[in-house]
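Below, each chain spelled out in residue letters.
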Amino acid sequence: MKLIFAIVQDEDANKVMSTLNKNGFMVTKLSSTGGFLKSGNTTLLVGVNEQDINAVLSIIESKSKSRTAKMNTSNALSEGTDLMPIRTEITVGGATVFIINAEDYRKF
Ligand code: 2BA
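Enquirer: I'd like a description of the environment of Val-97, backed by residues and values.
Expert: Here Val-97 lies in strand S6 (residues 96-101). If near-sequence neighbours (up to four positions away) are discounted, Val-97 is found in contact with Ile-4, Phe-5, Ala-6, Leu-57 and Ile-60.

Encoded structure:
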């Protein structure tokens, strides 16, 4: 048994979850926040048998898009100490996935 943690963008979360559910996989959604952008993203937990890992990963990959996000950095002005904001673009996603061994799985 494996536990998959998939960090996806909020915009993709519903599509990933509904496709997982349609294909018979259970999923738990956690609201999370990226440490770098400090904006919301979604962490999905999926418990799967080893033989289903590739099916789950394909769904996550196919429904998670990469996008650009704008962020402010600052640059010191040449004279004085004031900082000038600079807008830069970075690419976020598709999905960041961790696959962990789950020692046991029980439902009561
Ligand atoms: P954030 O930490 O908000 O990062 C958003 C995006 O900012 C990242 O996209 C990456 O393009 C960029 N980024 C992050 N840290 C950076 C740094 N130190 N220098 C330059 N650029 C940086 P993704 O790589 O697609 O990551 C999306 C989200 O997935 C992250 O949001 C974070 O919540 C999670 N994540 C990614 N890698 C992780 C890891 N190794 N451990 C835990 N969470 C991770």
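Still more ground to cover, so stick around.
Enquirer: If you had to explain the pairing of strand S2 (residues 28-33) to someone new, which residues and values would you point to?
Expert: Pairing geometry for S2 and strand S3 (residues 40-48), over 6 bridges, is antiparallel. The residue bridging Thr-33 from the neighbouring strand is Gly-40, located in S3. Between S2 and S3, which pair antiparallel and follow one another directly, the connecting turn spans 6 residues, one of which, Lys-38, has a positive phi of 55°.

Enquirer: Give a description of the layout of surface pockets that names residues and reports values.
Expert: Its boundaries defined by the atoms lining it, the largest pocket holds a volume of some 350 Å³. In terms of lining, the largest pocket is formed by 20 residues, of which the most central are Gln-9, Leu-37, Gly-40, Asn-41 and Val-92. Residue assignment for the lining of the largest pocket shows that the elements contributing at least two residues are strand S1 (2-8), helix H1 (10-22), S3 and strand S4 (67-76). Grouping the amino acids of the lining of the largest pocket by side-chain chemistry returns 7 nonpolar, 10 polar and 3 charged. Space inside the second largest pocket adds up to approximately 310 Å³. Considering the residues around the second largest pocket, the lining is formed by 17 residues, among which Met-1, Met-26, Val-46, Gly-47 and Tyr-105 are closest to the centre. Listed by contribution, the elements that provide at least two residues to the lining of the second largest pocket are S1 and S3.

Enquirer: Can you break down the packing of H1 against helix H2 (residues 53-63) residue by residue, with the values?
Expert: Remark: H1 packs on H2, axes separated minimally by 9 Å, with the N-to-C direction vectors making an angle of 150°. Judged by the inter-axis angle, H1 sits roughly antiparallel to H2. Between H1 and H2 lies a crossing of right-handed hand. Of the residues in H2, those in contact with Asp-12, Lys-15, Val-16, Thr-19 and Leu-20 of H1 are Val-56, Ile-59, Ile-60 and Lys-63.

Enquirer: Explain the sheet that holds S6 to me, using residue names and the numbers behind them.
Expert: Ordered in space as S2-S3-S1-S6, the 4 strands form an open sheet in which the pairing is antiparallel. Each having just a single partner strand, S2 and S6 make up the two edges of the open sheet. Averaged over neighbouring strand pairs, the angle between their axes works out to 20° when direction is ignored. Relative to S3, H1 is tilted by about 20°, and along the sheet it contacts S1, S2 and S3. Contacting S1, S3 and S6, H2 crosses the sheet at an angle of about 5° to S1.

Conventions adopted
Residues numbered from 1 in each chain as written. Predicted model: local features only at pLDDT ≥ 70, side-chain atom pairs only at ≥ 80, totals over all residues. Heavy atoms only, no water. Helix = DSSP H or I, 4+ residues; strand = E, 2+ residues; numbered from the N terminus. Contact = heavy atoms within 4.5 Å. Pairing = 2+ DSSP bridges. 1 Å grid on protein atoms, 1.4 Å probe; cavity = no way out; pocket = protein on both sides within 12 Å on 5 of 7 lines; lining within 4 Å. Points joined across faces, edges and corners; volume = space filled by probe spheres on them. Nonpolar A, V, L, I, M, F, W, Y, C, P; charged D, E, K, R; others polar. Axes fitted to C-alpha atoms, helices over the stretch in contact; angles between N-to-C directions. Parallel < 35°, antiparallel > 145°, perpendicular 65-115°, else oblique. Left-handed = near helix turned anticlockwise from the far one by under 90°.

Everything listed here is a matter of coordinates, which is why it stays silent on function.
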